[in-house]
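Residue-level listing of the chains:
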Amino acid sequence: KQEVTQIPAALSVPEGENLVLNCSFTDSAIYNLQWFRQDPGKGLTSLLLIQSSQREQTSGRLNASLDKSSGRSTLYIAASQPGDSATYLCAVLNSNSGYALNFGKGTSLLVTP
Amino acid sequence: EAGVTQFPSHSVIEKGQTVTLRCDPISGHDNLYWYRRVMGKEIKFLLHFVKESKQDESGMPNNRFLAERTGGTYSTLKVQPAELEDSGVYFCASSHRRSNYGYTFGSGTRLTVV
């Protein structure tokens, strides 16, 4: 059974800092890994999708890496802004057990002006 | 393209009542999923449709939950009768192999059972 853990659970940083969110998973037989953002009372917005054969993906100030063999992914946010404040969720799609995403509990990020 | 649409956005019902949630996936997405997040827990898978067929319903909590996807378009999730522990946010998502099964989620339905 795939288990996804996100560290830290909460993070507060001043505006302008670079930061790293961590995600680990127990079963390396994955199809892809997706990072989402959730704003309070809103749905999930997909940020980055990394296929199992890829090492990283970049979008603007966001960079996600994947090390499948060690069961880890990181989401790097450069030059953080108050608008980045949200909950960030990591989700893994296994390659051997259907198409159900396995989610971590998320990291709640607060970027202060 | 239009995103995944869920209705209603909020629902407050009494214990024992019935509630039906609706999801309209992105047009052309054969895969439709229901997920749920209860307070303090991670988002959990409920079930997966491929077109109108249930591919995987291993996450459905019990037989008070019934999901349908008539004609392989929109889907409904009915809870009957609702219990207090059913409160949470119900998310719908869709995906297509063209996008390497990257998920697109709806905004969710916040269900409160009192």
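Owing to the predicted nature of the structure, the values given are computational and were not obtained by experimental measurement.

S.K.: So what exactly am I meant to see when it comes to the overall build of chain B here?
M.R.: A count of helical and extended segments in chain B gives zero helices and 11 strands. For chain B, the sequential pattern of α-helices and β-strands runs β-β-β-β-β-β-β-β-β-β-β. Taking 2.2 N^0.38 as the reference for a compact globule, 114 residues should give roughly 13 Å; the C-alpha atoms of chain B span a radius of gyration of 13 Å, in line with that estimate. The C-alpha extent of chain B, read off along each of the three principal axes, is 40 × 25 × 20 Å. A burial count over chain B gives 49% of its 114 residues as buried. A fraction of 52% describes how many contacts in chain B between residues 6 or more apart in sequence connect residues 24 or more apart. Counting 14 positive and 12 negative side-chain charges, chain B places the centres of these two groups 3 Å from one another.

S.K.: Just checking my understanding: could you explain the nonpolar core for this structure?
M.R.: Membership of the largest hydrophobic core comes to 22 residues, with the highest contact counts inside it found for A:Phe25, A:Leu33, A:Trp35, A:Leu75, A:Ile77, A:Tyr88 and A:Leu109. Residues B:Ile26, B:Trp34, B:Leu47 and B:Phe65 belong to the second largest nonpolar core, which totals 21 residues.

S.K.: Looking at this structure, I do not really get the interface of chain A and chain B. What am I missing?
M.R.: For an interface, size is often stated in terms of accessible area lost upon the parts coming together. Tallying the contact residues gives 20 residues for chain A and 18 residues for chain B. Contact between chain A and chain B buries roughly 1600 Å² in total, counting both sides, with carbon and sulfur atoms accounting for 57%. Broken down residue by residue, the surface that chain A buries against chain B is led by A:Tyr99, A:Phe103 and A:Lys105, which jointly contribute 34%. Along the contact surface separating chain A from chain B lie zero salt bridges. Of all the secondary-structure elements, those providing two or more residues to the side of chain A that touches chain B are strand E4 (30–38), strand E5 (44–51), strand E9 (86–94) and strand E10 (101–103) of chain A. It is E4(A) that contributes the most residues to the side of chain A that touches chain B, five residues altogether. Tallied by class, residues from the side of chain A that touches chain B come to 10 nonpolar, seven polar and three charged.

S.K.: Explain the packing of aromatic side chains here, please?
M.R.: Here a ring pair, both rings aromatic, is described through the centre-centre distance and the interplanar angle of the planes. All names here are of chain B. For the coordinates displayed, the defined rule picks out 11 aromatic pairs over all chains. Centroid distance tyrosine 35 to phenylalanine 45: 5.6 Å. Interplanar angle 70 degrees. Geometry classified as edge-to-face. One end of the pair, tyrosine 35, is in strand E4 (residues 31–37); the other, phenylalanine 45, is in strand E5 (residues 44–50), with 10 residues separating them in the sequence. Per residue, the accessibility class of tyrosine 35 equals that of phenylalanine 45, and both read buried. Centroid distance tyrosine 103 to phenylalanine 105: 5.7 Å. Interplanar angle 25 degrees. Geometry classified as stacked. Taking the relative accessible area as the measure of exposure, tyrosine 103 reaches 2% and is therefore buried. Against the face of tyrosine 74 rests arginine 22, its NZ or CZ located 3.8 Å from the ring centre.

S.K.: Sorry if this is basic, but what is going on with the side chain of B:Thr109 here?
M.R.: Residues and elements named next belong to chain B. Within the secondary structure layout, threonine 109 lies in strand E11 (residues 109–113). Among the polar contacts made by the side chain of threonine 109, one reaches the main-chain carbonyl oxygen of proline 8 at a distance of 2.5 Å. Apart from residues lying up to four places away in sequence, threonine 109 is in contact with Gln6, Phe7, Pro8, Ser9, Leu21, Gly88, Val89 and Tyr90.

S.K.: Can you help me understand the sheet that holds strand E7 (residues 65–68) of chain B in this one?
M.R.: By definition, the strands of a sheet pair up through backbone hydrogen bonds, in either a parallel or an antiparallel sense. Residue and element names in this part refer to chain B. On the basis of which strands lie adjacent, the open sheet formed by four strands has the order E1-E3-E8-E7 and antiparallel pairing. Both edges of this open sheet fall to strand E1 (5–7) and E7, since each of them pairs with a single strand only. Each strand axis lies, on average, 15 degrees off the axis of its neighbour in the sheet, ignoring direction. Both E7 and strand E8 (residues 75–79) contribute to a ladder of four bridges, which runs antiparallel. Its bridge partner lying in E8, leucine 66 is registered against lysine 78.

S.K.: Please clarify how the state of the cysteines should be interpreted in this entry.
M.R.: One covalent bond between the sulfur atoms of two cysteine residues makes up a disulfide. The full count for this structure, using the stated rule, is two disulfides over all chains. Through a disulfide, A:Cys23 is tied to A:Cys90; the S-S separation comes to 2.0 Å. For the disulfide bridge between A:Cys23 and A:Cys90, the dihedral angle about the S-S bond is near -60 degrees, and by the sign convention the bridge is left-handed. In this pair, A:Cys23 sits in strand E3 (residues 19–25) while A:Cys90 sits in strand E9, placing the two residues 67 residues apart along the sequence. The exposure class of A:Cys23 is buried, given its relative accessible area of 2%. With its sulfur 1.8 Å from that of its partner, B:Cys23 forms a disulfide with B:Cys92.

Cut-offs used in this document
One numbering rule holds for all chains: residues counted from 1, following each sequence as written. Here the convention is simple: chains get letters from A, ligands get numbers from 1, in the order in which they are written. Given that the model is predicted, a residue must reach a pLDDT of at least 70 before its local features are reported, and side-chain atom pairs must reach 80 or more before they are shown or counted; all residues, however, enter totals for whole chains, interfaces and linings. The basis for the side-chain values is all heavy atoms of the structure; hydrogens and waters are excluded. Strands are runs of DSSP state E lasting at least two residues, helices are runs of H or I lasting at least four, and both sets are numbered from the N terminus onward. We take the radius of gyration over the C-alpha atoms and set the globule estimate at 2.2 Å times the residue count to the 0.38 power. Residue exposure (1.4 Å probe, protein chains only): buried if accessible area is under 20% of the type maximum, exposed if over 50%, otherwise partly exposed. In this description, contact between two residues means that some pair of their heavy atoms is separated by no more than 4.5 Å. Note that His is not counted, nor are the chain ends; the positive residues are Lys and Arg, and the negative ones are Asp and Glu. Lysine's charge is taken at NZ, arginine's at CZ, aspartate's at CG and glutamate's at CD. Among buried residues, the Ala, Val, Leu, Ile, Met, Phe, Trp, Tyr and Cys ones that are joined through side-chain atoms within 4.5 Å form a nonpolar core. A simple way to read buried area is as the amount of 1.4 Å-probe accessible surface that goes missing from two parts once joined, with both sides added. In what follows, salt bridge is the name for a side-chain nitrogen of Lys or Arg lying within 4 Å of a carboxyl oxygen of Asp or Glu. Side-chain classes are defined by residue name, with Ala, Val, Leu, Ile, Met, Phe, Trp, Tyr, Cys and Pro counting as nonpolar, Asp, Glu, Lys and Arg as charged, and the others, Gly among them, as polar. Stacked, tilted and edge-to-face are the three classes assigned to paired rings of Phe, Tyr and Trp, where Trp is represented by its six-membered ring and a pair needs centres within 6.5 Å; plane angles under 30 degrees give stacked, over 60 edge-to-face, the rest tilted. The rule is short: NZ of Lys or CZ of Arg within 6 Å of the ring centre and within 35 degrees of the ring normal puts a charge over the ring. Polar contact is the term for a pair of N or O atoms within 3.5 Å; when the atoms are in protein, one must be able to donate a hydrogen and the other to accept it, and sequence-neighboring residues count only if both atoms are side-chain atoms. Pairing between strands requires that DSSP locate at least two bridges from one strand to the other. Note on geometry: axes are lines fitted to C-alpha atoms, helical ones only across the stretch in contact, with angles between N-to-C directions running from 0 to 180 degrees. Cysteine sulfur pairs qualify as disulfides if the two atoms are within 2.5 Å.

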